[in-house]
Each structure stands twice: as structure tokens, then as C-alpha cells.
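Residue strings, one per chain:
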Amino acid sequence: MGGGGRRGRNWNKSRTQRKDFKENRENVWKRPKTDPSADSNADPSWQPFATQNPAFDEYYKEQGIVAPEEWDTFIEVLRRQLPAAFRINSSSQFCLDIRLQLENDFMISLQAESIDGDEVEAIRPLPWYPENLAWQSNFSRMQLRKNQTLERFHEFLKLENETGNINRQEAVSMVPPLFLDVRPDHFVLDMCAAPGSKTFQLLEIIYKSMGSGLLPDGMVIANDLDVKRCNLLIHQTKRMCTANLIVTNHEAQHFPGCRLSKKACDMGIECEPNSSQLLFDRVLCDVPCSGDGTLRKAPDIWRKWNAGLGNGLHSLQIQIAVRGISLLKVGGRMVYSTCSMNPVENEAVVAEILRKCGGSVELIDVSSELPELVRRPGLKKWKVRDKGLWLASYKDVRKFRRNGIVPSMFPSGRSDNVISDKDAGQDNGASLESEDGFDLVEDLVINDSDIEISDLPLERCMRIVPHDQNSGAFFIAVLHKLSPFPVQDQKPSEMQQNVSSKNHEPEENLTDHIVEDIDEVELNTVDGGEEKSSEADLVDKETDVSALEVDPCNTCEEQDSGETQVAVGGEGDSLKARGKRKLQIQGKWKGVDPVIFFKDEAIINSIKTFYGIDESFPLNDHLISRNMDNNHVKRIYYVSKSVKDVLELNFLVGQQLKIASVGLKMFERQTSREGTSAPCAFRISSEGLPVILPYVTKQILCASQVDFKHLLQYKTIKFADFVDAEFGEKASKLMMGCCVIVLRKDGQASSDPIQVDASTIAIGCWKGRGSLSVMVTAIDCQELLGRLFACTETDKSSLPKEINGEAEVQDMDGKEEVAEIKTI
């Protein structure tokens, strides 16, 4: 399950339809339908998406999202294409350089550019984002690709995005993490994380101000329901090169509690005092939604939009949000957000959270935070639209619609004063008979006095609308947990009857329009023998997403296999599901590699000895693999202490977490075609090098700027061909295998000891029998050449031909890791 609304657009369609949509989407904004300059040979059957919908206009005019006098401006902006936006990675080594390049180069050079004769605003930093790290431009993606005058800026964006120095992200999507108030020691849960931009942002905040080789005490667990979107999430966050991330694959509303025994807590596993399960300091709850706040970048939503989209997701959103609150530590903060403008998905959900949690949760007023961000207060009154009828309160709901329209959708949340059975025949409206025999219902007459007004402080929520700052639309609410949930006044024997031996009924397929809460309730034996249940397991079991009319979010769709795996219990319980859905045997997740602590002392000691890794680096007990057989382990991953604790916890509770990705790839098995085996079978990966670099004392050399530049340019150089002959001699004396080459700083002598700090530039290389070869991707070489030496193209004409090699170093998969290593 992913965050925001981009997940909710075109994924219910066939693959062919999705492909056609992707191909045609850029043409939506190309020219108006009546443009006389349009190609006469164009396909006459193709039409751009209509950017209007009468139902949309009626719905939001009635809800009062904006004042009547603003409506025309609101709609006009909503029909324009969304400006491009991106964020500089604050943990990048070149963060300051990139910001200065934007401020002193592109911001000035692009100021005079124009597109199609119209003056275009230059790129500018978003005024509300800290430290000028987020930027927005009115150049569309198409303009950046098609206009030659913008080619340099476009190439800059592509290169920096691929290397992880910037992250393309919609401006309003950057807002929720900023209100979480994350600190480096926090445990953070991102419940609906894919595609991963907000997760990346959270990791940046956690890593902020950390020195070279130092890892924060906190961590992020990023979760998503859909396996394919988990892969997208992994790809997105891989550029962060972090050892403080776990990616999981669960339904957010049923995210495992990972209950700890008292013994486990005594062992030092991170857990809340007097609690027996892992809790989080911060929770980001960016739930699946109808996504109409993304109309500017997804114009196909115009034709698909209807009021039933929000109604159908309302109860699922409550389930996810309440689960998030239950996993939050007392004193912790949760941000609930959507990219929808619909109050049924926004204020109504927040109001229900406050009602369910009683006084244990408060809605925070954050109006003083990010003062330059233009936002509007939340609504306190709204109506519900159902099957063409406007409903002011739950008593107006027709009897046969009460499964789909629930009390929590209305401002008061009350279900009292519903119509009696004897009046049900009126269906809350005058019944008429149409010519085809179907009943018609006249719309209710609703006076202003009939509309409910919430007594909760919903004005503390914030709604971002497009025309205030030329952005998309978003909704954010910040919640603070004051105390544990009130324990239900229920006898243990009664609870035991409700939950039979930890088993619970699985949910039905979403295509059957039913989702039921299957959160488990476990009983804990505490001092004195009294049985109590944890607050996370006492969430209201009555919440139900019944009669889902639509499911626009691709995060809500079923896996291709027609099965969903849900973690229940901790003792290998297996439950049969209704219909096609099955529950996976606990701890044996289908299609997911196991997570194993790597404890092969022989291999670990060989790595320590070969690279001279300082004993202060916590290597033991921090290495994991995804292979049961150590003899065939190809990659060894490194995890921070916080992640290690969670993994140990997960083993203790029966592997409730379904882990799709964890850890930072630190070592990779490497072989050479030179016929001679290296003393150490594992090389240091590029991703792990920044973490382990301060602790490497062997197989490391410092190169002059000219030799470092030549290595990046030519990939392979003979020892005798280095400009610095002393460096070439030292390189020839290294042991065969992986080595680390550090760029010598200005004023540093070749004999000076290597000092590693945040500004140190280093690359991994392979020492062969007669040459040194770079083990860095082409895109990273290009980035370093441009950033360090203002060099954009490789010029091989200045060096002898024999400098360029052709041999290969391969990993155990047989893939070419280095394409230009010469066999000497």
C-alpha cells in the first residue's frame, strides 16, 4: 500500500491500456484540440483527456472547498500542468555544491528563457522548505526534453537524480515528513511508503548532521502492500545507501505488532517501558486515496472521478490510521495525509480517529510551523454524496445504503436518530417509478440548519489548494499521542471468546467489495497473573470497509497470484481463507528470501585482515545475508544497531515481519579471469564504502588529482603509466583484489597519513597483476568527473592506447562488474 494518490490512477486497467495511457499522457498538454497547427496526419481517433467533470464541480462547490469567488481561479489552475519540482539530498556529499549551482548558475541562466514566445518563470527554491533544498520550475517535463535551450538543465536533472543527489518529487508531497519532527534517534514507520520519495526524505532527516562513517541511532521501516511497488520503493531508496532501513510487505491496517515477551525486553531489545511490542516514535500515515489532488499531473482522473471514490476508501483509511496510532509510542507524533480534497477522506477520518482514541490523542495546531507554506484550515462541516443524493447526516441515509455509508463519514459521527423501519419504505425520499420499472429517488432538500458541524478542533488540520502557490492539492493532520489507549472494560474470559487461540477470520477479496479488520488480539500474562491486552490490539473491531464501490488505488489491488499473505500469531499458525485468499505459514514468506545473520567467522576474519578493518567498527553481529548456505553467499549486508535490534526482535516473535529488503550491501563476492584468486573473496561495494571507509587501514592509497581523474576517465591504467610514479609503485605492491583509492586534498603530501572526513572522496578499485581498474558505475564516474574536475566527456586521445584495458572482473553471478580491466 503506497502513499498519496499517484497510486490510485490507472492500475485497474489491463496492461495494454496502461501502456497506451503512458504513451499518450505527455500529449495531453501538448496543444489544445482546436490548435490549427496540429498535425493533419495525426490519428483522428485520439482525443486528449477532458479537463472537466460536472460531477466534480458540483461536489466541491457544494462542499465549500474554496470560496465561490475563488472557484474560477481554482479550476483554471487545476487544469494547468503541474510545475516540475525536485529536492536536493541533504545527506549527499555534494549537497552544498548542487545548491550553489542552482542559485548561481541555472537560476540566472534560465531567467531569460522563453517557451513558444511566452516568458517562463525561472526555477526558484520553494520558500517554505528549509535551507533552499527544494526547488520548483514552470518548465514542464516535455519542455525540458524537447527544447534545446533547456538541454543542459535537463541533463543536470537526469544525472543528479540517477546518482541520488536530487530526488524528483511533487512539491506538496514533500510537506508531510516536515511536520513529523523527526530526530536522528527516532524509530519511524512509513505505513504506505511506495514509491518511496517520502521514505527517502525521512532517511535524509535521520542522517542529517551525522559524520563520516557514523550511523544514526534511529531507523525507518517502510511498508507497502503491493510487491511490485515494494520493488519500486527499494529501487528509490537504494540511492540513499543506508543501513538504517527495513522494507516490509504488509497490509498497513494489519501491520504486525511484533509483540515482545518480558524476557526479550530484559535482554535490551528496544521497546516501550511496560510494553511488550515494538512501538515507533513517529508514524507517517499517507493513506491510499481517490487522488483528485493530483489532477494537474494525472488528467485522466477528470473523466474517472466520482463521489463514490472517497466513500469507498473512507473506512480503510480509518483502519490504517488507527493502526498507526496503536503502534505509536506515548508522546509520539503521527501525520495523517492524503492527496485528496474530499472531506470524507480527510476531516471525517481525522474526526473518527479522535473519537475512537478518546482523550489519548490530540490534534496538534501546527499553524506556526513552516510559516511560508500557504495552507487553509480544515473544514468543520460537510455533506456526503451517495448515488446522486446529498446527505446532511446519517439519519438521511436510505436503509439499504447503510452498509456503504457509515456514521463516521458525517461531521458528528453519530448513528442515532436514524429512520425507523416503518418509514423505510420512503427511502428518505419520494419514490417514483421510471418507465423501465426501476425506482427513482428525488433528492432531499437540505437547509443550512440541517448540516452537521463537528465539535472537534478540525480547523487544526491543513488543506493545500492548487491556486494558493501553484501546486497540487494535499491534506495534512498532525496527531500527538498523549496516553495509552483506554483499555476496554471487558473480562479476559469474554476476550478469549472473541478471539479463538489467536486465530481470526481473514479478509475477503477486495474485488468482492469487503475488507474486514482481522487484527489479532493476544493476551499477555503480567505480574500477578492478571491477563491484559495491549492497546495496539484493542483497536475497534467494528471498523469495516463494506460495500466498497470502487478501488481506484493500485495499492489496494490484489497480488497477481490472487493470494495475500498476512502475518498472524507467532507460532506458525496457518489459517484457511475464504475465497481465493490464503494466509501464509508464519515465518515462511513465499517468494521472499530469508534474513539470516551472517556468522561465518572464517570469512569475516579474512575480510577484517585483508582490509585491516579497525576493531572499533561493529562488524560482528551486524552482517546479514539472504542465503541459508554460507558457501554460496554472494552478498553480505550491513545493518545498523537499531535495525539489528528489530531483526532480533522479529526472530523472537516468529518472524512476523515480511521483509522485502534490509541492510546496506557492504561486501560482494568477486572473482577474476586473471587465473589467480585474490586473498579475500569479497570486495567492498560502492554502496557500503562510505560507511566502512574511516575504519579501513589496508588496501588503501591516496592518489593525486590528476591520477584520480585519469582513473575515472580511462577506467584501467597500468602501474607504470600513472603520473605519480610513487603512487604507481605503491599500487603495484598492494595485494591482488579490491582496494580503495582516496582523492588527495589540496596541500596534502603523498607521504601524509590518510585522514577521512565528510569531504573525503574515495572509489573502489581492483588491483590486478599489472594494472589498477575502477569498480564504479559509468554514471558515478561521470558525476565525479563533472563535480570535481568540470569534465563532462571522456577524452582518451591524450594517453597511450595501452592504458585502456579489456579484461573483466566478475561477481559470482557472472555479470560484468567492471568492463575495462586489462589482463597484464
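Residues numbered from 1 in each chain as written. Predicted model: local features only at pLDDT ≥ 70, side-chain atom pairs only at ≥ 80, totals over all residues. Heavy atoms only, no water.

Caption draft 1: Structural context of the overall build of the chain. Counting its regular elements, the chain contains 21 helices and 36 strands. Taken over 824 residues, the chain has a buried fraction of 56%. Counting contacts in the chain only where the partners sit at least 6 residues apart, residues at least 24 apart contribute 75% of the total. With an accessible surface of roughly 35300 Å², the chain has 48% of that area assigned to carbon and sulfur atoms. (Helix = DSSP H or I, 4+ residues; strand = E, 2+ residues; numbered from the N terminus. Buried < 20%, exposed > 50% of the residue type's maximum accessible area, 1.4 Å probe, protein only. Contact = heavy atoms within 4.5 Å. Areas by Shrake-Rupley, 256 points an atom, 1.4 Å probe, with all protein chains shown as cover.)

Caption draft 2: Broad picture of the nonpolar core. Judged by nonpolar contacts, the single largest core of 118 residues is most densely connected at Leu102, Phe153, Phe179, Phe667, Ile741 and Leu772. The element contributing the most residues to this core is strand β32 (residues 737-743), with 6 residues. Core analysis: the next-biggest nonpolar cluster, separate from the first, contains 87 residues, Trp71, Ile301, Ile405 and Cys461 among them. (Core = buried A, V, L, I, M, F, W, Y, C linked by side-chain atoms within 4.5 Å.)

Caption draft 3: The confidence of the model for the chain, seen in detail. Here the chain shows a mean pLDDT of 76. Residues at 70 or above account for 69%. Ranking the helices and strands of the chain by mean pLDDT puts strand β19 (residues 474-481) first, with 98, and strand β20 (residues 514-516) last, with 24. Note on residues 271-275: pLDDT is under 50 here. Beyond four places in sequence and across chains, it has 8 contacts. Of the regions scoring below 50 in pLDDT, residues 488-587 engages in 238 contacts with residues more than four places distant in sequence or in other chains. (pLDDT = per-residue confidence, 0-100.)

Caption draft 4: Seen up close, the packing of helix α4 (residues 95-109) against helix α6 (residues 151-163). One way to put it is that α4 packs onto α6 with a least axis distance of 12 Å and a crossing angle of 160°. Judged by the inter-axis angle, α4 sits roughly antiparallel to α6. The handedness of the crossing between α4 and α6 is left-handed. Residues Ile98, Gln101, Leu102, Asp105, Phe106 and Ser109 of α4 pack against Arg152, Phe153, Phe156 and Glu160 of α6. Split by residue class, the contact of α4 with α6 holds 5 nonpolar, 2 polar and 3 charged. (Axes fitted to C-alpha atoms, helices over the stretch in contact; angles between N-to-C directions. Parallel < 35°, antiparallel > 145°, perpendicular 65-115°, else oblique. Left-handed = near helix turned anticlockwise from the far one by under 90°. Nonpolar A, V, L, I, M, F, W, Y, C, P; charged D, E, K, R; others polar.)

Caption draft 5: Focus on the sheet that holds strand β31 (residues 716-718). Taken in spatial order, the 5 strands make up an open sheet running β30-β32-β33-β34-β31, and their pairing is mixed. Of all the strands in the sheet, the pair left with one neighbour each is β30 (700-703) and β31. With direction set aside, neighbouring strand axes in the sheet form an average angle of 35°. Here β32 runs beside strand β33 (residues 762-767); their pairing, made up of 6 bridges, is antiparallel. Residue Ile741 lies in a different strand from β33, and its bridge partner there is Ile763. The strands touched by helix α20 (residues 725-732) within the sheet are β30, β32, β33 and β34 (771-774), with β30 carrying the most contacts at an inclination of about 165°. (Pairing = 2+ DSSP bridges.)

Caption draft 6: Local environment of the packing of α6 against helix α21 (residues 778-789). Remark: α6 packs on α21, axes separated minimally by 10 Å, with the N-to-C direction vectors making an angle of 120°. Between α6 and α21, the angle falls in the class oblique. The handedness of the crossing between α6 and α21 comes out as left-handed. Together, Phe156, Leu159, Glu160, Glu162 and Thr163 of α6 and Ile779, Asp780, Gln782, Glu783 and Arg787 of α21 make up the contact between the two elements. Of the residues belonging to the contact of α6 with α21, the class tally is 3 nonpolar, 2 polar and 5 charged.

Caption draft 7: Structural view of the state of the cysteines. Under the criterion given, the structure shown has 0 disulfides. Considering cysteine sulfurs only, Cys339 is the nearest to Cys289, which forms no disulfide, with 3.5 Å between them. Its relative accessible area of 0% is what places Cys289 among the buried residues. We note that Cys738 lacks a disulfide partner, and the nearest cysteine sulfur, in Cys739, lies 6.2 Å from it. (Disulfide = S-S within 2.5 Å.)

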